[in-house]
Amino acid sequence: MELNKIEEIIEKYFQGETTIAEENQLKEYFSSPNVAQHLEHYKPMFGYFSLAKEQKSTYEIPLQTKKRNVAWLSIAASAVIMLGIGTYYFAGEQKITTNTVASQTELGTYDSPEEALKATQKALALLSNNVNVGIESVQYINEYEQSKNKIFKQ
């Protein structure tokens, strides 16, 4: 093989631009006994690649299989589901009984008109306070809109 061509391929090799065929040419050249004197220092590198390719590992990797007992997993899942369903129905049953007792004893009516008036005024005052808070928030938004319009001049 021509020495100039080998030097050119070595340069491409170190730039990472060689093809597989060119790398095979380099391996063949450096495995032959007639290597140029100034390229002798590359010979161990390409010799190592061919030596490493031939090496085989003799270490056996023990395979440990983990066998899960699927039956226990399905039994546990069934138990959790049954417990959840039972809790749901039990809590629902208690809620129904407490609601019916409360609805039978307290119907939301008042015996005297004065009591009803006070309760209505209390409810309306609470509603009014919440509406006032909402109106104050809207005023802040209006002020923001005005200042935004001044800045961006639409």
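Predicted model, so just to flag it, every value in this text is computed and none were measured.

Student: Any chance you could explain the packing of helix H1 (residues 3-15) against helix H2 (residues 20-31) here in plain terms?
Tutor: In helix packing, the relevant descriptors are the interaxial angle and the interaxial distance, both defined with respect to the helix axes. Following both chains from N to C, one finds H1 and H2 inclined at 125 degrees, their axes separated by 10 Å at the closest point. The angle between the axes of H1 and H2 places the two elements in the oblique class. Taken as a pair, H1 and H2 cross one another with a handedness that is left-handed. Contacts from Leu3, Lys5, Ile6, Ile9, Ile10, Lys12 and Tyr13 of H1 reach H2 at Glu22, Glu23, Gln25, Leu26, Tyr29 and Phe30. Residues belonging to the contact of H1 with H2 are distributed by class as follows: eight nonpolar, one polar and four charged.

Student: How should helix H5 (residues 113-152) be read in this particular structure?
Tutor: Since there are 3.6 residues in each turn of an α-helix, residues three or four apart along the chain are aligned in direction. In a regular helix each residue adds 1.5 Å, so 40 residues correspond to 58 Å; H5 covers 58 Å between its end C-alpha atoms and thus fits that length. Once H5 ends, the next one or two residues include Lys153, with phi positive near 45 degrees.

Student: Looking at this structure, how should I read H1?
Tutor: In this model, H1 (13 residues) spans 19 Å end to end at C-alpha, consistent with the 18 Å of a helix rising 1.5 Å per residue. Packing partners of the buried residues in H1 comprise H2.

Student: How should I be thinking about the pattern of salt bridges in this particular structure?
Tutor: Pairs may arise between side chains of opposite charge once their charged atoms sit close together. Tallied over the entire structure, the rule returns two salt bridges. Two residues, Glu22 and Lys12, come together in a salt bridge whose shortest N-O distance is 2.8 Å. With Glu22 in helix H2 and Lys12 in helix H1, this residue pair connects regions lying ten residues apart in the sequence. The class of Lys12 is partly exposed, set by a relative accessible area of 27%. We note a salt bridge from Glu145 to Lys148, for which the minimum N-O separation is 3.7 Å. Linking Glu145 with Lys148, this pair stays in helix H5, spanning three residues, or about one helical turn. Residue classification places Lys148 among the partly exposed residues on the basis of a relative accessible area of 24%.

Calculation criteria
Once a new chain begins, its residue numbering starts again from 1 and follows that chain's sequence as written. Per-residue local features are limited, in this predicted model, to residues with pLDDT of at least 70; the limit for side-chain atom pairs, both in listing and counting, is 80 or more; totals at the level of whole chains, interfaces and linings are taken over all residues. Only heavy atoms go into the side-chain values, all of them from the structure, while hydrogens and water stay out. Each axis is a line fitted through C-alpha atoms, taken for helices only over the stretch in contact, and angles between the N-to-C directions span 0 to 180 degrees. Strands here mean DSSP runs of E at least two residues long; helices mean DSSP runs of H or I at least four residues long; both are numbered from the N terminus. Oblique is the label for every angle not falling under 35 degrees (roughly parallel), over 145 degrees (roughly antiparallel), or within 65 to 115 degrees (roughly perpendicular). Crossings are sorted by hand: turned counterclockwise from the far helix by less than a right angle, the near helix makes the crossing left-handed, and turned clockwise it makes it right-handed. Note on contacts: a residue pair is in contact if any heavy atoms of the two residues lie within 4.5 Å. Under the scheme applied, nonpolar residues are Ala, Val, Leu, Ile, Met, Phe, Trp, Tyr, Cys and Pro; charged residues are Asp, Glu, Lys and Arg; polar residues are all the others, including Gly. For a helix, the expected span equals 1.5 Å multiplied by the number of residues minus one. Counted as salt bridges are all cases of a side-chain nitrogen of Lys or Arg within 4 Å of a carboxyl oxygen of Asp or Glu. For every residue, the accessible area obtained with a 1.4 Å probe (protein chains only) is divided by the maximum for its type, and the residue is called buried under 20%, exposed over 50%, and partly exposed between those limits.

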